[in-house]
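Structural overview for review
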Amino acid sequence: MHTVAELLKKGNTLQEVTIKGWVRSFRSRRFIALNDGSTLNNIQCVVNFEETDEAILKRITTGAAVSITGELTESQGQGQSLEIQVKKIEILGDSDPETYPIQPKKHSFEFLRENAHLRTRTNTFSAVMRLRSSLSFAIHKYFNDNGFYYMHTPIITGSDAEGAGEMFRVTNLDAKNPPLTEDGKVDYTEDFFGKETNLTVSGQLEAETYAMSLGKVYTFGPTFRAENSNTSRHLAEFWMIEPEVAFMDLAGNMDLAEDFMKSVLGYVLEHNREDLEFLNQRLLDEEKTKPQAERSEMSLIEKIKFVVDNNFKRVSYTEAIDILRNSKPNKKKKFNYIIEEWGADLQSEHERFLVEKHFKCPVILFDYPANIKAFYMRLNEDGKTVRAMDILFPGIGEMVGGSQREERLDVLKEKMKALDIDEEELWWYLDLRKYGTAVHSGFGLGFERLVMFTTGMSNIRDVIPFPRTPQNAEF
Ligand code: 4AD
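As a convention, each chain's residues are numbered from 1 in the sequence order in which they are written. A pLDDT threshold of at least 70 governs which residues receive local features in this predicted model, and a stricter bar of 80 or more applies before side-chain atom pairs are shown or counted, although totals over entire chains, interfaces and linings include all residues. Heavy atoms throughout the structure, all of them, feed into the side-chain values; hydrogens and water do not.

Under an unreviewed UniProt entry, the name given to the protein chain is Asparagine--tRNA ligase, and the source organism is Bizionia echini. Per its UniProt entry, the protein chain bears the Subunit (unreviewed entry) comment "Homodimer." UniProt positions are given in the numbering used here, feature names are shortened, and annotations may be inferred rather than shown by experiment.

**Brief notes about the overall build of the protein chain**
A tally of regular secondary structure across the protein chain gives 14 helices and 16 strands. Taken along its principal axes, the extent of the C-alpha atoms in the protein chain is 85 × 60 × 45 Å. Note on classification: 1.4 Å probe, protein chains only; a residue is buried when its accessible area is under 20% of the maximum for its type, exposed when over 50%, partly exposed between these limits. Among the 475 residues that make up the protein chain, the fraction classed as buried is 49%. What makes two residues a contact is simply this: any of their non-hydrogen atoms within 4.5 Å. Of the contacts formed within the protein chain by residues at least 6 apart in sequence, a portion of 67% connects residues at least 24 apart. Across the protein chain, the mean location of the 59 positive side-chain charges is 6 Å away from that of the 74 negative side-chain charges. In this description a helix means any DSSP run of H or I spanning at least four residues, a strand means any run of E spanning at least two, and both kinds are numbered starting from the N terminus. The charge count treats Lys and Arg as positive and Asp and Glu as negative. His and the chain ends do not count. Working definition for charges: the position is that of NZ of Lys, CZ of Arg, CG of Asp or CD of Glu.

**Here's the deal with the packing of aromatic side chains**
Classification of ring pairs rests on two measures: the distance between centres of Phe, Tyr or Trp rings, Trp counted by its six-membered ring, which must be within 6.5 Å, and the angle between planes, read as stacked under 30 degrees, edge-to-face over 60 and tilted in between. Counting across every chain of the model gives 21 aromatic pairs. Considering the side-chain rings of phenylalanine 375 and tyrosine 429, the 6.1 Å spacing of their centres and the 65° angle between planes classify their relative orientation as edge-to-face. A residue pair is termed long-range when its members are at least 10 positions apart, and phenylalanine 375 in the loop between β13 (363-369) and β14 (385-393) and tyrosine 429 in helix α13 (residues 427-434) qualify at 54 residues. Accessibility classification places phenylalanine 375 together with tyrosine 429 in one group, the buried group. Taking 4.9 Å as the distance between ring centres and 90° as the angle between the ring planes, the aromatic pair formed by phenylalanine 393 and phenylalanine 453 counts as edge-to-face. Taken together, the residues span a long stretch of sequence, with phenylalanine 393 in strand β14 and phenylalanine 453 in helix α14 (residues 447-455) at a distance of 60 residues. Both residues of the pair, phenylalanine 393 and phenylalanine 453, count as buried. Here, a charge over a ring means that NZ of Lys or CZ of Arg falls within 6 Å of the ring centre while also lying within 35 degrees of the ring normal. Its guanidinium or amino end placed over the ring of tyrosine 368, lysine 373 lies 4.2 Å from that ring's centre, counting from NZ or CZ.

**Details of the domain arrangement of the protein chain**
With domains assigned, the protein chain is organised as domain 1 (4-100) and domain 2 (121-166 + 201-462). Each of domain 1 and domain 2 has a C-alpha centre, and the two are 44 Å apart. Contact with domain 1, which involves nine residues of that partner, is made by nine residues of domain 2. Carbon and sulfur atoms supply 40% of the area buried between domain 1 and domain 2, which totals about 740 Å² over both sides. For salt bridges, the criterion is a side-chain nitrogen of Lys or Arg within 4 Å of an Asp or Glu carboxyl oxygen. If you look at where domain 1 meets domain 2, you find zero salt bridges. Identification of polar contacts relies on pairs of N or O atoms within 3.5 Å, with a donor-acceptor requirement for protein atoms, meaning one able to donate a hydrogen and the other able to accept it, and with residues adjacent in sequence counted only if both atoms are side-chain atoms. One can count seven residue pairs in polar contact (both at pLDDT 80 or more) joining domain 1 with domain 2. Across the side of domain 1 that touches domain 2, the residue classes tally to three nonpolar, five polar and one charged. In this entry, domain limits derive from an automatic or database-based domain assignment. What counts as buried area is the accessible surface, traced by a 1.4 Å probe, that two parts surrender upon association, with contributions from both included. Residues are grouped as follows: nonpolar covers Ala, Val, Leu, Ile, Met, Phe, Trp, Tyr, Cys and Pro; charged covers Asp, Glu, Lys and Arg; every other residue, Gly included, is treated as polar.

**Focus: a nonpolar patch on the surface**
Patch membership is restricted to residues that have no salt bridge and whose relative accessible area is over 30%. Joining uses 9 Å for like charges and 5 Å for the nonpolar side chains Val, Leu, Ile, Met, Phe, Trp and Tyr. Only the protein chains shown count as cover for residues, with accessible areas throughout obtained via the Shrake-Rupley method and a probe of 1.4 Å. On the surface, Ile155, Ile156, Phe192 and Phe193 cluster together to form a nonpolar patch covering roughly 380 Å² of accessible area. Exposure remark for isoleucine 156: the relative accessible area of 37% places this residue in the partly exposed category.

This is the structure we're talking about:
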């Protein structure tokens, strides 16, 4: 058996081939457009209807699974180079043309989200998901080529100290009738793990332990956040890539993140041309429906190339605040949150202003105020900023969050005390600072945000197979 991709790439004409796939359309009782997911392209299969049983012809409907054997020939018609002259057709699985949701016409993304189990039978979603697969391969390849070890951090965690977001509880206690302590609270010592456990919000703290023994490691796994943020950029379950490197400072961290992202995007530019060109055209068509002033200056492929070919702009938080304070939307009170003084947390409207209007390129913001960032970030000598970095992308906002980690035991303990974080809970994390501590750094890249940037999809629900969002866990 062959795949359509193989045949279109290097099929010899006049050979007999067998392929299996799903009927996208059947025209004039003669032309089947067959797709098997191996490529965006359908292969045209030409049926000799005079010699084909009428009962079989009736069953060749959109969505049906078929097996076709025939001769590969140069195509007579336009729009394809090769086609198959069908000798034998077998219906593997019938479809019901009346109720099959994926008709050969344009469907809205909302409709396709409700049919997420079938939406990869459309060109857009098959292209997006092939790119998603390719990006994850490119990520593993980058780290493997650069001497990193892949580490699997736990999904169930007993510590919620990271503070990256609200967590989902993991329990097998009876929800209606949980065991209670004397003072009426749920008694988690009776729970499966003998303590409160949750789904992880990040693998970072565990990854740090491996960086401090294996040197260069990364994690790539699902993470969970129970924030009720129903936006086009947030999921309750998303995938995160978190490299962690011993003896690397914040400057090295920025270099790594930039090199990594350029490499991964360069990989798909080289290997996923067909899907990218399709998505590029889809967006160009969409842009044409917008007023001139709202149209993007660059096409999708131009945007990806721009990131690969240009340096990210590195700007300190303090400089960014100055730019924002003096910006037009701030002075004219167009921002929802007006930036008045140093110390303000940046909202996505500010991040977008910086990358989309001011710098017009990816920006690495660094050295944030300590009190708006996590406890584990390395305190700077000024005593008020930490060695944090966020990477902001045009159209996406925050893509990466990372930092140099606090490696000094006394400073870390003081910070934890100030934030009321239990030392006993993180005894193992503190041990890293007791035994052979060293400068180390890492970052987290939200995988779906990278897929959004690469595919030009504007809703994060459309770049993960089965999105998990507030009030939605179908499929
Ligand atoms: O900035 P965050 O919260 O960083 C961490 O979790 C660190 N522990 C990472 C590290 O240093 N190892 O999250 C990292 C990235 C964000 O920049 C964003 O791209 C993505 O994860 N992200 C989300 N993506 C989808 N849905 C959500 N709810 C997300 N929350 C964060």
